[in-house]
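The chain contents come next:
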Amino acid sequence: MGFSTRHAYGDSMPYDDLVARLADGLDPVRVGAFPDGSVDDYYRLRGGESTVTSRASFAADITAGRDSFALDHVMTDVGGQAVNVARQAAALGDDVHLAGHLDHPLFDFDFETASMGAPAHVRICLFEADDVMFVEESADLATWSFADLEAALDDVDDFLDRDALCCVNWASVPGLGETLVDIASRASDGGVFCVDPGPLSTAGANDLLGALTHLDGYDVVVSVNDDEAGRLATAAGVDGTDDALDGVRDAAGATGVVVHGEDAAVAATPSGTVSVPTLDVSRALTETGAGDRFSAGLARSLAAGWGWDLAIAMGNACAAHYVAGDGTGRVADLRTHVEQHRP
């Protein structure tokens, strides 16, 4: 499923504005992220003496009868969608509180954290495009509920009232549906509530749309890739229609739905469709985690009162900086990166 990437302004305009904002420095906002966490091991996959470089070649080797592959370790890093969001927001100077599954010595940050149990363990096979992840789920995350969030935080209401909350990994957290209902029942000042659901199944997409309608005390923003958007459109009964993205927004009761695609990020918003082209960069090691950094840049910028085109440009910049192999971008890094790569 694809969405129109047409827009009414010049390709560079939102990025010109973004460079100016980054040059002035950012006023910090209060960002919360929850509930996951993982320890990620990155590998190159080798079949005999040859490195396997793509899903197609992996499938061809298996089809040809190869039943043994070697894993060459590249690096270990902390991960999980909430962790990636928190790291990006902190790099931008925001006041960050991460409530995740962080019971591992690798989770050592200079921002506020609360752990709710053991992280998942993820093995990532690096291909030239479309890495493959093998996930050993966290038993603590599988049984997680709002009660665990409340128990881990000194003041759960303060956490829920942050300027931007990023709720992630619906696909791997069975308790998130009931948790969203619990969150909705609490008094809230109604900040940005950004939901990045991860790799949704069709059933998961249906459940997510129903759960999001409870969050009418927040400005709900759904941040997805093309595949996830397609499943949400199917669940909403608008797949294949010209206004599919608007249909998803209506079904979710959301303020906005944003699809971060390969060529552009496209958003259905209260004032119409907004599209901002992606920055043209070459992939370095991996794209895994880039979408989370997009969501962080988007959510914190909307919470700061930025317009949709500028907030989307910020999300694109955070993602592109990471994809290019330059890590989680700080303000000065992003300014230089956008100046070099804007359309």
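Our subject in this report is the structure included herewith. Here the structure is a predicted model, which is why all the values come from computation and not from measurement. (Residues numbered from 1 in each chain as written. Predicted model: local features only at pLDDT ≥ 70, side-chain atom pairs only at ≥ 80, totals over all residues. Heavy atoms only, no water.)

1. Quick look at the state of the cysteines
Consideration 1: Summed over all chains, the structure comprises 0 disulfides.
Consideration 2: Considering cysteine sulfurs only, Cys194 is the nearest to Cys166, which forms no disulfide, with 4.7 Å between them.
Consideration 3: Residue Cys194 is classed as buried on the basis of its relative accessible area, which comes to 2%. (Disulfide = S-S within 2.5 Å. Buried < 20%, exposed > 50% of the residue type's maximum accessible area, 1.4 Å probe, protein only.)

2. Considering helix α13 (residues 331–341)
Two residues of an α-helix separated by three or four positions point the same way, owing to the 3.6 residues in each turn.
Consideration 1: Within α13, the full set of buried residues consists of Val331, Leu334, His337 and Val338. Considered in projection along α13, the buried side chains sweep an arc of 125° and stay on one side of the axis. Projecting away from the buried face of α13 at angles above 90 degrees are the exposed residues Ala332 and Gln340.
Consideration 2: Contact partners of the buried residues in α13: α1 (13–24), α3 (81–91) and α12 (308–326). (Helix = DSSP H or I, 4+ residues; strand = E, 2+ residues; numbered from the N terminus. Arc of directions from axis to C-beta. Contact = heavy atoms within 4.5 Å.)

3. Brief notes about the packing of aromatic side chains
Consideration 1: For the coordinates displayed, the defined rule picks out 7 aromatic pairs.
Consideration 2: Taking 6.3 Å as the distance between ring centres and 70° as the angle between the ring planes, the aromatic pair formed by Phe107 and Phe109 counts as edge-to-face.
Consideration 3: Ring centres of Phe109 and Phe111 lie 4.8 Å apart, and the angle between their planes is 10°; on these two criteria the pair is classed as stacked.
Consideration 4: The rings of Phe34, Trp144 and Phe159 are connected pair by pair, giving a single aromatic cluster.
Consideration 5: Above the plane of the ring of Tyr322 lies Arg293, whose end atom (NZ or CZ) is 3.9 Å from the centre.
Consideration 6: Over the ring of Trp306 we find Arg300; its NZ or CZ atom is 5.8 Å from the centre of that ring. (Phe/Tyr/Trp six-rings, centres within 6.5 Å; stacked < 30°, edge-to-face > 60°. Lys NZ or Arg CZ within 6 Å of the ring centre and 35° of its normal.)

4. Observations concerning the pattern of salt bridges
A side chain with one charge can pair with a side chain of the opposite charge if their charged atoms come near.
Consideration 1: Counted by the stated rule, this structure contains 12 salt bridges.
Consideration 2: The shortest N-O distance in the salt bridge between Asp95 and Arg162 comes to 3.5 Å. Taken together, the residues Asp95 in strand β5 (residues 95–100) and Arg162 in the loop between α6 (156–160) and β9 (164–168) connect sequence positions 67 residues apart.
Consideration 3: Classification of Asp95 by relative accessible area gives partly exposed; the value is 36%.
Consideration 4: Relative accessible area serves as the criterion here: at 3%, Arg162 is assigned to the buried category.
Consideration 5: Within the structure, one salt-bridge network assembled from shared partners comprises Glu150, Asp157 and Arg186. (Salt bridge = Lys/Arg side-chain N within 4 Å of Asp/Glu carboxyl O.)

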